[in-house]
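Take a look at the letters that make up each chain.
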2 protein chains.
Amino acid sequence: MKKIGVALLGLGTVGGGTYEILTKNREYFKKTQNLDVEVMQILEKNIKRCEELGVDLSIVSTDIDAVVNNPNIKIIAEFFGGIEPARTFLIKALEAGKSIVTANKELFAKHWTELEAAAKKGNAGLYFEASCVGGVPIIRTLTEGMQGNHILQIKGIINGTTNYILSSMSESGTAYEDALKSAQELGFAELDPTADVEGFDAAYKLSILSSLAYHKRVPLEKVFREGISDISVCDINIGKELGMTLKLLAISKCKNGKIEARVHPVFVPSTHPLASVSGSFNAVFLNGDAVDDIMLYGRGAGALPTGSAIVSDIIFAAKKETPDRYPFMEETEINDNDFISDFSSKYYIRITANDEEGTLGKIANIFGKNNVNLLSVVQRNSNKLHSVPIVFVTSATKTSTIKKTVAEMSKLAGVDAIRAVIRVEED
Amino acid sequence: MKKIGVALLGLGTVGGGTYEILTKNREYFKKTQNLDVEVMQILEKNIKRCEELGVDLSIVSTDIDAVVNNPNIKIIAEFFGGIEPARTFLIKALEAGKSIVTANKELFAKHWTELEAAAKKGNAGLYFEASCVGGVPIIRTLTEGMQGNHILQIKGIINGTTNYILSSMSESGTAYEDALKSAQELGFAELDPTADVEGFDAAYKLSILSSLAYHKRVPLEKVFREGISDISVCDINIGKELGMTLKLLAISKCKNGKIEARVHPVFVPSTHPLASVSGSFNAVFLNGDAVDDIMLYGRGAGALPTGSAIVSDIIFAAKKETPDRYPFMEETEINDNDFISDFSSKYYIRITANDEEGTLGKIANIFGKNNVNLLSVVQRNSNKLHSVPIVFVTSATKTSTIKKTVAEMSKLAGVDAIRAVIRVEED
């Protein structure tokens, strides 16, 4: 039976969960995987935490070199999160020939090229299933289940925090700030929620998944990103009346060799399967030219689901004779022509304007002049004394065009304010 | 670059689709998989079909021995379906050290133990992702994505034909025979629909998936099976009024080492995600002790989706240095105590009875005597002259108990007939 020594860097929530799965199931893995996986070293300062988990303190240290230089350790699983010291430690480990397993999406989204080079140097492997969509094996699906396909599109809800917030705004009419606060109280959002609510977390994941799907480096800076902190319940409710549900989606497409990748709030038809994914759940559609649509659904975060993905990667890595690497990530030069930045969407635009005769005509004029077609116009109510809300839905329009159109509109004398500009997806 | 010779046995719908994916994408696989996959031999009698697909006729033959004895062929993909000659050919191939790739669920459900032995003898591998849920990588998810889990439950819609029929009965009120006929016309059902409508196809798949999930041979004869040919629109409609949708589900559970596996029509709450999977789509929930629920959704059949899974397996197999086998399938003795045959479900029971005073009391008596608790009783309408329909929903009751109860009830003077006995799942 193959014996595999593993080191864990950090025993936080997911690290602790992983430790428990690995030790509790050691005999089970011998039987079912023909593998003896032993946790041989742990890097952790918090001795009390180690004691809580019943860790033999003789394997605990704070010295990364002792881990990297241990010839019995083949796989190092990292749970620090963030860039440093994870980056320095993992590069050391890879160069020393240890394969790495991690849920660290920020590190992979920002430094995969560097990790790739270190892995090549040390002939080690990179495993990061846990970085995207928690315990749902989306990376395995892309790399080991859809190889026969040209992948054409990824579309889904890959951030549980924002989905929780948007679901509670939609279901209970809670304002954004209150929904965020309740997500924080329930542990679905961090004290500093920026990474989630501004779409950074989803952009990290989309960059990783798109690179794997299209066999090409899709750098983070090529992922368009817009968060949900400006979303108001008012627009969610108007959307509902129009048969649409607001979600933060991550979408990427590859067409004729050109890649478009974007994270932003967007209205989807309320009948679309993604519309009914609520709370902190994640769901992703993968579209391949042979298999058509596959949807994966599950918990995108949490100690045990993420621990499940980490342990799956440890076992997967342990069995590999040729470690997994991604040569396309060695690309350092990025050709702007391979990416579409000025992409097209339908738009929902809500403005407030005075109700004087002629204002709507002037607005329509601006749309027309910019070649923006309107699919619908809804004037919510009419009152000569105050400004009234008007909602437009446009046909597919480029980002640059909509920006220009909205800027011109905001300067119109009769227009009080542009209240919301939100994309609309129809399929 | 590793070069892999492949032989295709049969060029039918899926075989042809596979041939097209492999030849069209040969350069793509060199680039993305670092593999040169070449179709080197094809076993096919129909020369016209070969010509249609543009196959070089010099690689076409009808001699399995020529294929098996070709040292350049490493992988043999089979598209005959059914037991013979697939079984004989694949055993020959495995013993000669060729790994096999197939969508043949019937063969695996009935002869996996034998295939396992031949694979062991020839040190070859077994790949059958395409046998279950078409292009959706459910086997890869179980074996390469959930290894850290004890899998507790599988539950889903894994037969597209019956789901198409039940969906059209439910959506348009079409009678079973008409829905079946339309499924046949659209190519969703075979001329002889028995394998699908009587649940054999789903039972084959559930036997395979359960064996993989629980690391234990779950023989076909341990899978309870009941088809949909007795289902009437009347019960689907009454179910709808009660907030339930009828589906043919495949369910297996492993609890305290005991396995329960079953395929049967069942009412699920109309709010359950499986209730909204309609037409020929498939969807499966996998529940693991660490990851909780994962759902996979996609096309369960079709030339390209199934071809996608076959090609994925060819690439997966080509990269393996240690071929995949399943030692637990060598078990030939099956211990009845490891399986639960007399499982519990809630039940929907519809009878017609005369409306004389006392009849309902006598029926209630029989339920009571057999310790069957009633969750609800609905008497549909009352008319002293004719027999009236009465619908009961019971709490969880063993199969044997419900059989005994229903048999006793059918002998009651006031009971006209037992019209339907259908299971109900609540979670």
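Described below are features of the structure shown in this document. Along each chain, the written sequence defines residue order, and numbers are assigned to residues from 1. Labels follow written order: the first chain is A, the first ligand is 1, and so on. The predicted nature of this model means local features are confined to residues of pLDDT at least 70 and side-chain atom pairs, given and counted, to a pLDDT of 80 or more, with totals for whole chains, interfaces and linings taken over all residues.

1. Describing the relation of the copies chain B and chain A
This is how it is decided: In superposing the copies, a least-squares fit is computed on C-alpha atoms, taking residues whose pLDDT is at least 70 in both. Note that contacts rest on C-beta atoms placed from the backbone: two residues are in contact if these are within 7 Å.
Its rotation angle being 180 degrees, the transformation that places chain B on chain A also includes 0.0 Å of axial translation and leaves an RMSD of 0.0 Å. Put plainly, the chains are arranged around a two-fold axis. By C-alpha distance to the rotation axis, the residue of chain B lying nearest is L296 of chain B, at 2.4 Å. Taken together, the interface assignments show that 100% of the residues at the interface of chain B recur at the interface of chain A, consistent with an identical surface on both copies.

2. Some details on the interface of chain B and chain A
Filter applied, for reference: Runs of E in the DSSP output that reach at least two residues are strands. Runs of H or I that reach at least four are helices, and both are numbered from the N terminus. Each residue gets one label: Ala, Val, Leu, Ile, Met, Phe, Trp, Tyr, Cys and Pro are nonpolar, Asp, Glu, Lys and Arg are charged, and the others, such as Gly, are polar. Any two strands are treated as partners once DSSP identifies two or more bridges connecting them.
Of the residues lining the interface, 35 residues belong to chain B; the matching set on chain A comes to 35 residues. Among the secondary structure elements, those contributing two or more residues to the side of chain B that touches chain A are α2 (26–33), α7 (138–145), β12 (292–299) and α13 (303–319) of chain B. Its residues assigned to classes, the side of chain B that touches chain A comprises 15 nonpolar, 14 polar and six charged. With five bridges connecting them, strand β12 (residues 292–299) of chain A and β12 of chain B associate as antiparallel partners. Its bridge partner lying in β12 of chain B, I294 of chain A is registered against G298 of chain B.

3. Regarding unusual backbone geometry
With an omega dihedral of 5 degrees, the bond running from E84 of chain A to P85 of chain A counts as a cis peptide bond. On the secondary structure map, P85 of chain A appears in the loop between β4 (73–78) and α5 (86–95). Despite not being glycine, V133 of chain A shows a phi value in the positive range, around 55 degrees. Phi is positive for D292 of chain B, close to 70 degrees, though the residue is something other than glycine. As for its placement among the helices and strands, D292 of chain B is situated in strand β12.

4. So, the sheet that holds β4 of chain A
Residues and elements named next belong to chain A. The six strands are arranged β3-β2-β1-β4-β5-β6 in an open sheet whose pairing can be described as parallel. Of all the strands in the sheet, just β3 (60–61) and β6 (126–127) have a single pairing partner and so form its edges. With two bridges connecting them, strand β5 (residues 99–102) and β6 associate as parallel partners. By the bridge assignment, V101 is partnered in β6 with Y127.

5. Observations concerning the environment of N163 of chain A
Residues and elements named next belong to chain A. Note the threshold: We call a residue exposed when 12 or fewer other C-beta atoms sit within 10 Å of its C-beta, buried when the count reaches 20 or more, and partly exposed for counts in between; the C-beta positions come from the backbone.
With respect to the element layout, N163 can be found in helix α8 (residues 160–172). Given 28 C-beta atoms within 10 Å, N163 falls into the buried group. For the pair N163 and N282, spaced 119 residues apart in sequence, the C-alpha separation works out to 8.1 Å. Residues in contact with N163, not counting those within four places in the same chain, are I157, K247, L248, V277, G279, S280 and F281.

6. A short note on helix α5 (residues 86–95) of chain B
One turn of an α-helix holds 3.6 residues; hence residues three or four places apart share an orientation. Residue and element names in this part refer to chain B. Note the following rule: The arc in question is traced by the directions running from the helix axis to the C-beta atoms.
Taken residue by residue, α5 has A86, R87, F89, L90, A93 and L94 as its buried positions. An end-on view of α5 places all buried positions within 165 degrees of arc, on one side of the element. Looking at the packing, one finds that the buried side of α5 touches β1 (2–9), α4 (64–68), β4 (73–78), β5 (99–102) and α6 (105–122). Downstream of α5 by a residue or two, G97 has a phi angle that is positive, lying close to 90 degrees.

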